[in-house]
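Listed below, chain by chain, are the residues.
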Amino acid sequence: MPDLDVTSHEITTYQNAISALKQGESAEFIILAVTAKAFTSETVAQELEDIIQYASIPVLVLLGSSDQDVMNHITDLGAARCLSKPIRPGIL
């Protein structure tokens, strides 16, 4: 497998991610990790939707569930993809 030149920037809260996007921080894509339990919170669901809407780049959501309805809901919000965790490195 070839080496990829990838630089990552970890943002630890959804609110910080929203702020970074509003301030115009650049990236080629966003990967969000979401637990199934957290997604049932209206606040987290709204923050996820805000991130997807503010981002002008693809958003990949890694969900701690294989519930297809939840995964479909996340892609309906505008995520480029929603994958069930754990993710094998080859899938990414």
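Anything mentioned here points back to the structure above.
Residues numbered from 1 in each chain as written. Predicted model: local features only at pLDDT ≥ 70, side-chain atom pairs only at ≥ 80, totals over all residues. Heavy atoms only, no water.

Engineer: I'm lost on the environment of Leu 32 in this one. Help?
Structural biologist: One can find Leu 32 in strand 1 (residues 30-35). In the structure, Leu 32 is positioned 31 residues away from Leu 63 in sequence and 8.3 Å away in space, judged by C-alpha atoms. (Helix = DSSP H or I, 4+ residues; strand = E, 2+ residues; numbered from the N terminus.)

Engineer: Just checking my understanding: could you explain the layout of surface pockets for this structure?
Structural biologist: Empty pockets left among the atoms are what a rolling probe the size of a water molecule brings to light. Approximately 1,100 Å³ is the volume found for the largest pocket. Along the wall of the largest pocket there are 32 residues; nearest its centre are Ser 8, His 9, Phe 29, Ile 30 and Ile 31. Counting residues per element, the ones that place at least two in the lining of the largest pocket are helix 1 (14-22), strand 1, strand 2 (59-64) and strand 3 (81-84). Across the lining of the largest pocket, the residue classes tally to 21 nonpolar, six polar and five charged. (1 Å grid on protein atoms, 1.4 Å probe; cavity = no way out; pocket = protein on both sides within 12 Å on 5 of 7 lines; lining within 4 Å. Points joined across faces, edges and corners; volume = space filled by probe spheres on them. Nonpolar A, V, L, I, M, F, W, Y, C, P; charged D, E, K, R; others polar.)

Engineer: Would you explain the nonpolar core in this entry?
Structural biologist: Residues Leu 48, Ile 51, Val 61 and Ile 74 are the most contacted members of the largest nonpolar core, which totals 22 residues. Put simply, the parts of the chain that give this core at least two residues each are helix 1, strand 1, helix 3 (42-54), strand 2 and helix 4 (68-76). Ranked by residue count, the leading element in this core is helix 3, at five residues. Beyond its immediate sequence surroundings of up to four residues, Ile 74 is in contact with Phe 39, Leu 48, Ile 52, Val 61, Leu 63, Ala 79 and Cys 82. (Core = buried A, V, L, I, M, F, W, Y, C linked by side-chain atoms within 4.5 Å. Buried < 20%, exposed > 50% of the residue type's maximum accessible area, 1.4 Å probe, protein only. Contact = heavy atoms within 4.5 Å.)

Engineer: Is there a simple way to think about unusual backbone geometry in this case?
Structural biologist: The phi angle of most residues is negative, glycine excepted, and most peptide bonds adopt the trans form. Note the cis peptide between Lys 85 and Pro 86, where omega equals 0 degrees. For Pro 86, the position within the fold is in the segment after strand 3.

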